[in-house]
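Chain by chain, the residues run as shown.
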Amino acid sequence: MELSQILLGESDNFLRGSAPDEKCVATLQTDLTPIEKDVMSLKQYVGEIGFKSGLCIDITLQDLLSVVPRKRRRTDAYTALVRYLKDEWDITLTIKSNKK
């Protein structure tokens, strides 16, 4: 057994530069609340670097449904997400209707 294994333990692969265990990643993803999963999806859509306080996101309902799917395909299905982004991140999410 290597000294690093004794000092760091088996689960500290990230400190040794190894890839994280699949079990660890799966556990992290299942521990997230639905709102946090939605925020992660939006971060990927907008870009992690540009996702910061004061941001305004204007998006159509169709695009938002592809990024953050909902069973109810209406703008009011995202009320909790809009409120969470405003309260926690100071980000304004404006959902435009697909109707013309």
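Scope of this entry: the structure provided in the associated data block.

As for the packing of helix 4 (residues 34-46) against helix 6 (residues 79-89)
One way to put it is that helix 4 packs onto helix 6 with a least axis distance of 11 Å and a crossing angle of 80°. Looking at the two axes, helix 4 sits roughly perpendicular to helix 6. On helix 6, the residues that touch Ile 35, Asp 38, Val 39, Leu 42 and Lys 43 of helix 4 are Ala 80, Leu 81, Tyr 84, Leu 85 and Trp 89. In terms of residue class, the contact of helix 4 with helix 6 is built from eight nonpolar, no polar and two charged.

Focus: the side chain of Lys 43
Along the chain, the position of Lys 43 falls in helix 4. If we skip the residues at most four places from it in the chain, Lys 43 touches Glu 48, Phe 51 and Trp 89.

Basis of the calculations
Position labels on residues start from 1 in each chain and follow its written sequence. Confidence filtering applies because this is a predicted model: local features only for residues at pLDDT of at least 70, side-chain atom pairs given and counted only at 80 or more, and all residues used for totals across whole chains, interfaces and linings. Note that water and hydrogens are dropped before the side-chain values are worked out from all heavy atoms of the structure. Angles here are taken between N-to-C directions and fall from 0 to 180 degrees, while the axes themselves are lines fitted to C-alpha atoms, restricted in helices to the stretch in contact. Secondary structure elements follow DSSP: runs of H or I of four or more residues count as helices, runs of E of two or more count as strands, with numbering from the N terminus. Should an angle lie under 35 degrees it is considered roughly parallel, over 145 roughly antiparallel, and from 65 to 115 roughly perpendicular; all remaining angles are considered oblique. Whether two residues touch is decided by their heavy atoms; if any such pair falls within 4.5 Å, the residues are in contact. Ten residue types, Ala, Val, Leu, Ile, Met, Phe, Trp, Tyr, Cys and Pro, are classed as nonpolar, four, Asp, Glu, Lys and Arg, as charged, and the remainder, Gly among them, as polar.

By themselves these figures say nothing about function.
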